[in-house]
Structures are given as C-alpha cells and as structure tokens.
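Analysis of the macromolecular model
So you can see what is in the structure, the chains are spelled out below.
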Amino acid sequence: KNEVEQSPQNLTAQEGEFITINCSYSVGISALHWLQQHPGGGIVSLFMLSSGKKKHGRLIATINIQEKHSSLHITASHPRDSAVYICALAPIQGAQKLVFGQGTRLTINP
Amino acid sequence: KAGVTQTPRYLIKTRGQQVTLSCSPISGHRSVSWYQQTPGQGLQFLFEYFSETQRNKGNFPGRFSGRQFSNSRSEMNVSTLELGDSALYLCASSPGWVLGLAGETQYFGPGTRLLVL
C-alpha cells in the first residue's frame, strides 16, 4: 500500500465549480505539502500544513492529523487552475525527504 | 530574490554515458533536494544535501550521486545511463534549518528534462 493516496486521479469540471482533491496517508508526518504542477513541469508549493486549515485566495487546504487526511479545495474554479495537484508528506523520520502522491490532474473547462 | 535555477534545461544522452546536472538554490538556502519525475513512478526523492553533507537518501542505485558545494550549489551525477533514467529531474531548496515537527516550504526549480536514447 502506498504511503500517500490521492483521489481522484483525474477531475474535469466546468468553470465556477467548487473543487475538492483528497489526500490520505498512513505514516506519521511533520507536515503535509500541496504542490501545483503546470504543463512544462514547473512546481509551485501552494501550502504547507501541520494542523488545521489554511487559505490563500480561492484555495483552501485542510488537514486532520488524527484521521491522516487532507483536502485541497478550489472555490470558483477557473481554466487557469488546470494543472496537476500533488500532495507530499514530510515524514516525521527524515522530514526533509518528501514522499509524493501520484497527483490529481485537474481540467477546468470554460 | 532569484529563484532556484537548474542547468541545463534539456539534455539528450545515449545509454552508457554519464550526465551531470546543476542546481543553484535560492540565496541563503542551505538545503537542496533532488527528485526524479517519470510518468510511471511519479515524483520520487533522490537525496538531500545540507551544508555539503548528504542528510537523506532515497532508494536509488549507486549510479545516482550528488554533491553540494560550499556556496550551497549542488550537482547530481548519473553514471552508466539507462533508458529508464529518462525523466524530469527537479531540485528544490529550503533554508534547511528546521527539522522534525515544523517542516519547511521547498522551492522548486524548473527541472532538467533528460532523454536517454
């Protein structure tokens, strides 16, 4: 079983829809990162969470440490949000070593 | 501040050759991590350097090696290239001081796309 599981693997939605991407994990973590990767490969770190909830613009990330689960929400989605979203764990052992989910490919149609 | 830079951006090699990739971290960052991304395996951690010392290592064969210089710039080397080494190689930098509970945001470079023929 993978240490990190993301769902869904692919998601297509219409502009304006509310988007939720889920990440479940099985190991103890010091932090969880949400990353965004656009075509061409560049990766941007969106959030780093160790508890609770963070918001940045239309993006919201939550984490439940007890349930080992995190969600990334996008409100009022836009075609420019189309990208691959990756959940990555910083395990308690070896915190500088990120363990990645397989990613969720999000496509927002106008 | 300038972001993380990687050179070269694209590279074509043949099987059996070796390759060296370079990463310059954000000024002041002392941790550099290297990752391999392939369509089949996704993103995988290669190794992490802090103050010229390898601090963490992933599960890759010894053909993959790296080093870090006193100015925090890092290089990774792959010897005896195989077709399966074709991938996007990403490096990321962070201040590196915080371990354990807090974690740190990592800043990624644009990657080097390696094609092995």
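To keep things clear, this report deals only with the structure shown in the data block. (Residues numbered from 1 in each chain as written. Chains lettered and ligands numbered in written order. Predicted model: local features only at pLDDT ≥ 70, side-chain atom pairs only at ≥ 80, totals over all residues. Heavy atoms only, no water.)

Right, let's talk about the state of the cysteines for a bit. Under the criterion given, the structure shown has two disulfides over all chains. Between the sulfur of C23 of chain A and that of C87 of chain A lies a disulfide, 1.9 Å long from S to S. Disulfide C23 of chain A to C87 of chain A: torsion about the S-S bond roughly -50°, handedness left-handed. Of this pair, C23 of chain A sits in strand 3 (residues 19–25) while C87 of chain A is found in strand 9 (residues 83–91), placing the two residues 64 residues apart along the sequence. We note that C23 of chain A, like C87 of chain A, is buried. What pairs with C23 of chain B in a disulfide is C91 of chain B, and their sulfur atoms sit 1.9 Å apart. Judged by the torsion about the S-S bond (70°), the C23 of chain B/C91 of chain B disulfide is right-handed. Of this pair, C23 of chain B sits in strand 3 (residues 19–24) while C91 of chain B sits in strand 9 (residues 87–94), and the two are 68 residues apart along the sequence. Each member of the pair C23 of chain B and C91 of chain B is classed as buried. (Disulfide = S-S within 2.5 Å. Helix = DSSP H or I, 4+ residues; strand = E, 2+ residues; numbered from the N terminus. Buried < 20%, exposed > 50% of the residue type's maximum accessible area, 1.4 Å probe, protein only.)

Turning next to the sheet that holds strand 3 of chain B. Residues and elements named next belong to chain B. Taken in spatial order, the four strands make up an open sheet running 1-3-8-7, and their pairing is antiparallel. The open sheet has two edge strands, strand 1 (5–7) and strand 7 (64–68), and neither has a second partner. Each strand axis lies, on average, 20° off the axis of its neighbour in the sheet, ignoring direction. Where strand 7 lies against strand 8 (residues 74–78), five bridges are found, and the strand directions are antiparallel. When the sheet's bridge partners are listed, G66 is paired in strand 8 with M76. (Pairing = 2+ DSSP bridges. Axes fitted to C-alpha atoms, helices over the stretch in contact; angles between N-to-C directions.)

Residue and element names in this part refer to chain B. All chains considered together, the criterion is met by five aromatic pairs over all chains. Consider the rings of F60 and F64, whose centres lie 5.2 Å apart with planes at 65°: the pair is edge-to-face. F60 sits in the buried class, given a relative accessible area of 14%. On the accessibility criterion, F64 (4% relative accessible area) is buried. (Phe/Tyr/Trp six-rings, centres within 6.5 Å; stacked < 30°, edge-to-face > 60°.)

Quick look at the sheet that holds strand 6 (residues 52–56) of chain A now. One key point about sheets: their strands pair by backbone hydrogen bonds, in either a parallel or an antiparallel sense. Residues and elements named next belong to chain A. Strand order in the open sheet made by the five strands is 1-3-8-7-6, with antiparallel pairing throughout. Strands at the two margins of the open sheet, each flanked by one partner only, are strand 1 (4–7) and strand 6. Neighbour-to-neighbour, the strand axes of this sheet turn through a mean angle of 15°, independent of strand direction.

Ranked by size, the top nonpolar core spans 24 residues in total, and within it L32, W34, L72, Y85 and L89 of chain A carry the most contacts. Setting aside residues up to four positions removed in sequence, L89 of chain A forms contacts with E3, V4, Y25, V27, I29, A31, L32, K97, L98 and V99 of chain A. In terms of nonpolar packing, the next biggest core, distinct from the first, is built from 21 residues, L11, L46, C91 and L114 of chain B among them. (Core = buried A, V, L, I, M, F, W, Y, C linked by side-chain atoms within 4.5 Å. Contact = heavy atoms within 4.5 Å.)

Let's shift gears to the pattern of salt bridges. Any two side chains of opposite charge can pair if their charged atoms end up close together. All names here are of chain B. Using the criterion set out here, one finds six salt bridges over all chains in the structure. When the shortest N-O distance is used, the salt bridge between R55 and E48 registers 2.6 Å. Using a relative accessible area of 0% as the deciding quantity, one classes E48 as buried. Residues joined by salt bridges that share partners form a network here, namely R63, E82 and D85. (Salt bridge = Lys/Arg side-chain N within 4 Å of Asp/Glu carboxyl O.)

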